[in-house]
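Descriptive analysis of the structure
Single-letter residue listing:
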Amino acid sequence: MTVRAVEVPLLWMPHALRVNPHLPALHEENESWARAMGMLEGHPGSPARPPIWSRAKFHAMTVDQLTAWTLPDASLSDLRLNHRFNIWALAWDDHFASAFKQTGDLAGARAFTTRLHAFLRPERGARLPEPTNAVERGIADLQQHLFPPRLAHWRTEFNRALARYIDAGVEELANSRSGRIPHLIDYAPFRRESFAAYTAPYSVELATGARIPEQIRHTRTVRALLDAFMDFMGLANDIASYEREVHEENDVNNLVLVVGTSLGITLRAAVPAALHLVNARLREFEHLRRSELPLLVHRSGLDRDERAELESWLRGACGFLSGLHAWYTGAPRYASGDVAFPE
């Protein structure tokens, strides 16, 4: 029987989409950095290293819309910076999929990842290796710009998140080669790493200029809120990209497969179950934001400026989630199709 694999509009989103007013400017320069890094056709680099994307494929991803939708409050300079990071993360993902996942080259993936680790240096002004491909060239360039003085405190944590991101790619490939589908209990924490979700609070801070106050940052409530915030990103991505990952890339690291295997249900039944889980994580974020966080703020005695800064960060986080939701449900990269499931 042929059924619609994923009804993406069922992904719940209580926040209206807000669009950054600098989107037209971002659209005009959409190609320039990707081409300069060698990710896009037209770079005068070595023909022995083909680009990651054609112009048509690059524009179909609408990375400029993703950036402007997720960071509606960012200045143009901050928007450009996060846009470059989004391009790099997608370049890594697509290069890794074509070079290693589709070929099953685990040894090559490990060597590629080891090389990338050398570019993730937390020390300011660290000497980096000479880049040999578009992904290395992109991360080397980003390391020079990602941490302006007001965000210098992110240098170590952000690079640690990127190290988790690229290491998770190797683990995903090992799972796929062995046919090992992760267990549901382990999957959500792992997906935060494999989606680079630990970098998202940086993006919100970059866009809003606001931080979660230090006094409450490490409390149980805030940690739970951040976990739910990050879980929606990666798990909703699994719903949107099921067709591409499972049927085109033969990947086993997807929430639909994880739910089906862990619960012993058919893939047909696993789709609504996975959707329910994603929506439940967003409802948990909303519950914590609306009910538990105000009580914590009151108990902690935050002053007016600290409360205003927290509200600004939370507004940015809600905007980030609504922008991702809009991209997942509208971008050609995640266009869903009909998939045949077994009876």
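Given the structure is predicted, the values throughout are model-derived calculations rather than measurements.

The biggest cluster of nonpolar side chains holds 107 residues, and the ones touching the most others in it are Met-39, Trp-88 and Phe-229. Take this core: its biggest share by element is 12 residues, from helix α12 (residues 220–240). Among all residues touching Trp-88, those that are not within four sequence positions of it are Trp-33, Met-39, Val-135, Gly-138, Ile-139, Leu-142, Leu-162, Tyr-165 and Ile-166.

Take the packing of aromatic side chains next. For the structure on display, the rule yields 17 aromatic pairs. On the numbers, 6.5 Å between centres and 65° between planes, the contact of Phe-147 with Tyr-202 is edge-to-face. Taken together, the positions of Phe-147 in the loop between α7 (134–143) and α8 (155–178) and Tyr-202 in helix α10 (residues 200–208) put the pair 55 residues apart, joining distant regions of the chain. With a relative accessible area of 1%, Tyr-202 lands in the buried category. An aromatic cluster is defined as three or more aromatic residues linked by ring pairs; in this entry it consists of Phe-85, Trp-88, Trp-92, Phe-96, Phe-100, Phe-112, Phe-147, Trp-154, Phe-158, Tyr-165 and Tyr-202. Over the ring of Tyr-198 we find Arg-164; its NZ or CZ atom is 4.4 Å from the centre of that ring.

What follows deals with helix α15 (residues 267–300). The first and last C-alpha atoms of α15 sit 46 Å apart over 34 residues, in line with the 50 Å expected at 1.5 Å per residue. In α15, a bend of some 40° at Glu-292 exceeds every other bend along the element, and Pro-294, a proline, comes one to four places later. Positive phi shows up at Gly-301, right after α15, with a value of about 70°.

In total, this model carries 17 salt bridges according to the counting rule given. Of the charged contacts in the structure, one is a salt bridge between Arg-192 and Asp-231, with a shortest N-O distance of 2.7 Å. Of the two residues, Arg-192 is situated in helix α9 (residues 184–194) and Asp-231 in helix α12; the sequence distance between them amounts to 39 residues. On the basis of relative accessibility, which here comes to 11%, the residue Arg-192 falls in the buried class. Note that Glu-286 and Arg-289 form a salt bridge whose closest N and O atoms lie 2.8 Å from each other. Residue Glu-286 and its partner Arg-289 are both found in helix α15; the two are separated by three residues, about one turn of the helix. Like Arg-289, Glu-286 is buried. Each member of the salt-bridge network shares a partner with another, and the members are Arg-192, Asp-227, Asp-231 and Arg-281.

Conventions we followed
Residues numbered from 1 in each chain as written. Predicted model: local features only at pLDDT ≥ 70, side-chain atom pairs only at ≥ 80, totals over all residues. Heavy atoms only, no water. Core = buried A, V, L, I, M, F, W, Y, C linked by side-chain atoms within 4.5 Å. Buried < 20%, exposed > 50% of the residue type's maximum accessible area, 1.4 Å probe, protein only. Helix = DSSP H or I, 4+ residues; strand = E, 2+ residues; numbered from the N terminus. Contact = heavy atoms within 4.5 Å. Phe/Tyr/Trp six-rings, centres within 6.5 Å; stacked < 30°, edge-to-face > 60°. Lys NZ or Arg CZ within 6 Å of the ring centre and 35° of its normal. Expected span 1.5 Å × (residues − 1). Bend = angle between axes of the 7 residues up to and from the residue. Salt bridge = Lys/Arg side-chain N within 4 Å of Asp/Glu carboxyl O.

Honestly, that's just the spatial picture; any functional story needs more than this.
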